[in-house]
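# Architecture at a glance
Each chain, letter by letter, is given below.
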Amino acid sequence: MAPVGRGKKAKKTVTKYVLDCTHPAEDSILDPADFISFLNARVKVGGKTGNLGSSIMITKEKHCVNLSTDIPLSKRYLKNLTKKYLKKQNLRDRLRVVAHRKTSFELRYI
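A brief look at the structure comes next. Bear in mind the structure is a predicted one, so any value in this text is a computation, not a measurement. (Residues numbered from 1 in each chain as written. Predicted model: local features only at pLDDT ≥ 70, side-chain atom pairs only at ≥ 80, totals over all residues. Heavy atoms only, no water.)

### Digging into the overall build of the chain
- The helix and strand tally for the chain stands at three helices and seven strands.
- Taking 2.2 N^0.38 as the reference for a compact globule, 110 residues should give roughly 13 Å; the C-alpha atoms of the chain span a radius of gyration of 17 Å, well beyond that estimate.
- Seen through its principal axes, the chain has C-alpha atoms that stretch 70 × 25 × 20 Å.
- Out of the 110 residues in the chain, the part that is buried amounts to 33%.
- Of the contacts made within the chain by residues no fewer than 6 positions apart, 55% connect residues no fewer than 24 positions apart.
- Put simply, the chain shows about 7600 Å² of open surface, and 50% of that area lies on carbon and sulfur atoms.
- Averaging the positions of the 24 positive and the 9 negative side-chain charges in the chain gives two centres separated by 13 Å. (Helix = DSSP H or I, 4+ residues; strand = E, 2+ residues; numbered from the N terminus. Rg over C-alpha atoms; globule rule 2.2 N^0.38 Å. Buried < 20%, exposed > 50% of the residue type's maximum accessible area, 1.4 Å probe, protein only. Contact = heavy atoms within 4.5 Å. Areas by Shrake-Rupley, 256 points an atom, 1.4 Å probe, with all protein chains shown as cover. Lys, Arg positive; Asp, Glu negative; His and termini not counted. Charge placed at Lys NZ, Arg CZ, Asp CG, Glu CD.)

Written as structure tokens, this is what we have:
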């Protein structure tokens, strides 16, 4: 019988996303702290909302919202949540979500 080889444990890759809310926040149209609370309530982990734990960290730096995750999280999902927040705040007709880098979004005026 051949010996059983032990595989190496996969490293956890940390993915960081940046949601830049600078222009609307400076004009006091959008509150990044309210946006963070929306994301905390709506992001699904394992099919359940409000189950972030230590796998997803959402922080705020000035007018940017930073999201770092250990688990796979698609950029499209974050974009859809951002659009849902804008619709809830009746800002969808004034702002749009534009991906200007591989791991970042920007909220721009239409």
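### Thoughts on helix α3 (residues 75-88)
- Its 14 residues place the ends of α3 20 Å apart at the C-alpha level, agreeing with the 20 Å of an ideal helix rising 1.5 Å per residue.
- Buried within α3 are the following residues: L78, L81, T82, Y85 and L86. Angularly, the buried residues of α3 cover 140° about the axis, an arc narrow enough to put them on a single face. Turned more than 90 degrees from where α3 packs its buried face, R76 and K87 sit exposed.
- On the buried face of α3, the contacting elements are β1 (15-20), α2 (32-42), β5 (64-69), β6 (95-101) and β7 (104-109).
- A positive phi of about 60° marks N90, the residue just after α3. (Expected span 1.5 Å × (residues − 1). Arc of directions from axis to C-beta.)

### Notes on the packing of α2 against α3
- Viewed as axis vectors pointing N to C, α2 and α3 meet at an angle of 120°, and their least axial separation amounts to 11 Å. By the criterion of interaxial angle, the relationship of α2 to α3 is oblique. Judged by the twist between their axes, the crossing of α2 over α3 is right-handed. When α2 is examined against α3, the residues D34, F35, F38, L39 and R42 are found in contact with a partner set consisting of Y77, L81, T82, K84, Y85 and K88. (Axes fitted to C-alpha atoms, helices over the stretch in contact; angles between N-to-C directions. Parallel < 35°, antiparallel > 145°, perpendicular 65-115°, else oblique. Left-handed = near helix turned anticlockwise from the far one by under 90°.)

### Quick notes on the pairing of β1
- Where β1 and β5 come together, six bridges link them in antiparallel fashion. Note on β5: the bridge partner recorded for T15 is T69.
- Two strands pair when backbone bridges link them, and β1 and β7 are joined in this way by three bridges, in the parallel orientation. By the bridge assignment, D20 is partnered in β7 with E106. (Pairing = 2+ DSSP bridges.)

Honestly, that's just the spatial picture; any functional story needs more than this.
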